[in-house]
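A structural walkthrough
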Amino acid sequence: MAAFSLIRKALCLTLPVAALFFCACAPQAEPAAEPEPQIIEPGVSGEQQIIDSGIADEQQQVFDTLSGLQSQITSFYYEQSVPYPDGQVFMQVWRKDQLMKVVSSSGGYLLTEFYYDFTAHTVLSYSPGDNETALLTSFDPESGDLPDDPTREDFSQCSYLGRELVDGVLCYKLAAPQDETLWIDPNTGFPLQISYTDSLGEKYTVRYENIQLNNISDADVAAPDDIPIVVFDMQGV
């Protein structure tokens, strides 16, 4: 019995040591990789950042699409009715290459014709019926008062706001500089509507109507060649 007791004591001492030995020798499972920490911008929820990331990806796709469509427009025509405080003005705009013609009227009465040359930075203004002499002057190509040319829009300066219906067309809605909002036809890259603030601080929302693309002739934008011209303020041009 004493021998058996000694053996039991020996086994009791040996088994834990053996267990420790086998545990040490057994292959150890590699610890699970910890997930990458999610970086959250201060004040912005993680969910909102995921949404913003999706919008940013969609924005780039939209801008790439619109830039491609825009590059295919070589000439255009559109009409606009602008509800100014002193009366609505109807405008017709033609552009081909570096020439633009703008005809304004109100109440069916022709007001003025403008012929812009964006190479020479000159504009010829002519009021048929009121003055048979045209005035040629220079203009600042960076002026915010120039007629709207949607094909010169720099989409990299815009923000994508989503999509919105205009006249049954699901347009891309963009926020542009100078407090402008554009609704652009996804099929043509040409806007159907614009909201803007003029130089006097008045805000307007107007439609582009009767749009024609890539079928404007040289004659459509040519200034009349049978009227006297007075040159004014041409220094530095």
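Refer to the structure presented above.
Residues numbered from 1 in each chain as written. Predicted model: local features only at pLDDT ≥ 70, side-chain atom pairs only at ≥ 80, totals over all residues. Heavy atoms only, no water.

Here the focus is the nonpolar core. Counting 31 residues, the largest nonpolar core has Tyr116 and Leu174 as its most contacted members. When residues of this core are traced back to their parent elements, those giving at least two are helix 2 (46–70), strand 1 (75–84), strand 2 (87–96), strand 3 (99–106), strand 8 (169–176), strand 9 (180–184), strand 10 (191–197) and strand 11 (203–207). Those residues in contact with Leu174, other than ones at most four positions away along the chain, are Phe63, Leu66, Phe155, Cys158, Ser159, Tyr160, Leu161, Glu180, Thr181, Leu182 and Ile184. (Core = buried A, V, L, I, M, F, W, Y, C linked by side-chain atoms within 4.5 Å. Buried < 20%, exposed > 50% of the residue type's maximum accessible area, 1.4 Å probe, protein only. Helix = DSSP H or I, 4+ residues; strand = E, 2+ residues; numbered from the N terminus. Contact = heavy atoms within 4.5 Å.)

What the five strands build is an open sheet, ordered 7-8-9-10-11; its pairing is antiparallel. Two strands lie at the open edges of the sheet, namely strand 7 (159–166) and strand 11, each paired on one side alone. Averaged over neighbouring strand pairs, the angle between their axes works out to 20° when direction is ignored. Sheet analysis places strand 10 next to strand 11, joined by five bridges and oriented antiparallel. (Pairing = 2+ DSSP bridges. Axes fitted to C-alpha atoms, helices over the stretch in contact; angles between N-to-C directions.)

Let's shift gears to the environment of Leu213. Within the element layout of this structure, Leu213 appears in strand 12 (residues 209–213). Separated by 117 residues in the primary sequence, Leu213 and Lys96 place their C-alpha atoms 10.0 Å from one another. Excluding residues that lie within four positions of it along the chain, Leu213 makes contacts with Ile73, Ser75, Phe76, Thr188 and Phe190.

A few words now on unusual backbone geometry. Positive phi is not limited to glycine here, since His121 has a value of about 60°. The residue Gln178 is not glycine, and still its phi comes out positive at about 60°.

A separate point is the pairing of strand 7. With seven bridges joining them, strand 7 and strand 8 adopt antiparallel strand pairing. Within strand 8, the residue paired with Val166 across the bridge is Val169. The turn linking strand 7 back onto strand 8 is made up of two residues, and Asp167 within it adopts a positive phi angle of 55°.

Attention now goes to the side chain of Thr137. For Thr137, the location among the structural elements is in strand 6 (residues 131–138). At a separation of 3.2 Å, a polar atom in the side chain of Thr137 contacts the main-chain carbonyl oxygen of Phe232. (Polar contact = N/O pair within 3.5 Å; in protein donor to acceptor, adjacent residues only side chain to side chain.)

In this structure the tally under the stated criterion is 14 aromatic pairs. Plain terms: the ring middles of Phe76 and Phe190 are 5.5 Å apart, the flat faces sit at 55° to each other, and that makes the pair tilted. A residue pair is termed long-range when its members are at least 10 positions apart, and Phe76 in strand 1 and Phe190 in the loop between strand 9 and strand 10 qualify at 114 residues. Among the residues examined, Phe190 registers a relative accessible area of 1% and is labelled buried. (Phe/Tyr/Trp six-rings, centres within 6.5 Å; stacked < 30°, edge-to-face > 60°.)

On a regular strand, one side chain projects to one face of the sheet and the next to the other, so that they alternate. Taken together, the five bridges between strand 5 (residues 122–127) and strand 6 define a ladder with antiparallel strand orientation. Across the sheet, Thr122 pairs through a bridge with Ser138, a residue of strand 6. If you look at the hairpin formed by strand 5 and strand 6, you'll find three residues sitting between the two strands, and Gly129 has a positive phi there, around 90°. In this structure, strand 6 lies alongside strand 13 (residues 229–231), joined through three bridges in parallel fashion. In the strand pairing of strand 13, Leu135 is matched with Val230.

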